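Each chain is listed here by its residues.
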Amino acid sequence: MFHINRYHFLILLIAGLTSVPVLAQNANFDPLNLARGFDRADATVTGNTGGHYDLANNLSPRDYRGNVCMGFGSQIPDHIMELTEDITELNLIIHSGGKDTTLVIQGPDSAKQFRCGYNGASGEDAAIHDTDWKAGVYKIWVGSMNSENWHYRLSARE
């Protein structure tokens with residue numbers, strides 16, 4: 001006869017939960033699903049900045065091009081972006097009315113590659129303009145410099 005005590009049950013439960021692949025990525029706000037030639041109307045999502053999670057210290061201090069990553073946001077990504085095919089050039093732009101926003105993108109597929117952007121000295125919203133976006137899943141954090149809570153719109157453009 002097979003008998004499982006509480007200790008063995010707990011071990012089996014933990015092993016089972018850690019071996020099951022994640023079927024859906026968690027994010028605070030709506031996802032972006034894009035392919036080459038996407039409709040601009042389908043490439044806009046909204047959310048709110050805020051949080052005390054230091055993006056530079058916890059994700060990456062610099063991106064692959066040497067740009068500084070900065071800002072405060074949520075531990076959970078604000079958006080998940082899935083590119084169903086490679087895109088040669090992609091621009092991601094935050095629209096918050098010129099607030100002190102930051103942008104950190106990790107991926108594809110949770111790779112150690114980061115892309116970072118912030119508003120700079122001119123007071124513009126954060127943006128990332130880059131080339132060679134590989135198909136896959138990207139995590140996007142929209143932050144603020146001092147944990148402020150602002151409403152924003154994130155737009156993608158080819």
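Above: the structure in question.
Residues numbered from 1 in each chain as written. Predicted model: local features only at pLDDT ≥ 70, side-chain atom pairs only at ≥ 80, totals over all residues. Heavy atoms only, no water.

Trainee: Sorry, what's going on with unusual backbone geometry here?
Mentor: Excluding glycine, a negative phi dihedral is what most residues carry, and trans is how most peptide bonds are arranged. The linkage connecting Gly107 with the following residue, Pro108, adopts the cis geometry, with an omega of 15°. Structurally, the position occupied by Pro108 is in the loop between strand S7 (101-106) and strand S8 (114-118). Of note in the backbone geometry, Asp132 takes a positive phi value of approximately 60° without being a glycine. The residue Asp132 is located in strand S9 (residues 127-133) in this model. A relative accessible area of 49% means that Asp132 is categorised as partly exposed. You will see that Ser147, though not glycine, has its phi angle at about 60°, which is positive. Summarising the element assignment, Ser147 is placed in the loop between strand S10 (136-144) and strand S11 (151-157). (Helix = DSSP H or I, 4+ residues; strand = E, 2+ residues; numbered from the N terminus. Buried < 20%, exposed > 50% of the residue type's maximum accessible area, 1.4 Å probe, protein only.)

Trainee: Explanation requested: the nonpolar core in the structure shown.
Mentor: Soluble globular proteins tend to bury their nonpolar side chains together. Core analysis: the largest hydrophobic core is formed by 22 residues, its most contacted members being Met81, Leu92, Leu103 and Trp133. When residues of this core are assigned to their parent elements, the largest contribution, 4 residues, is made by strand S6 (residues 87-95). For Trp133, the residues in contact, after removing those within four places along its chain, are Met81, Leu83, Asp86, Ile87, Thr88, Glu89, Leu90, Leu92, Ile105, Arg115, Ile128 and Tyr138. By size, the runner-up hydrophobic cluster in this structure holds 7 residues, among which are Tyr53, Leu55, Cys69 and Cys116. (Core = buried A, V, L, I, M, F, W, Y, C linked by side-chain atoms within 4.5 Å. Contact = heavy atoms within 4.5 Å.)

Trainee: Help me understand the side chain of Ser144, please; the structure alone is not making it clear to me.
Mentor: Tracing the backbone through its elements, the reader meets Ser144 in strand S10. Not counting chain neighbours up to four residues away, the residues in contact with Ser144 comprise Thr49, Gly71, Phe72, Asp100, Thr101, Thr102 and Trp150.

Trainee: Is there a simple way to think about the sheet that holds S9 in this case?
Mentor: In any sheet, the strands associate via hydrogen bonds between backbone groups, in a parallel or an antiparallel arrangement. Pairing is antiparallel in the open sheet, where 4 strands are placed in the order S2-S11-S6-S9. The sheet is open, and its two edges are formed by strand S2 (44-48) and S9, each paired on a single side. Within the sheet, the average angular offset between the axes of one strand and its neighbour, ignoring direction, is 20°. Alignment of S2 against S11, held across 5 bridges, turns out to be antiparallel. (Pairing = 2+ DSSP bridges. Axes fitted to C-alpha atoms, helices over the stretch in contact; angles between N-to-C directions.)

Everything listed here is a matter of geometry and, on its own, says nothing about what the molecule does.
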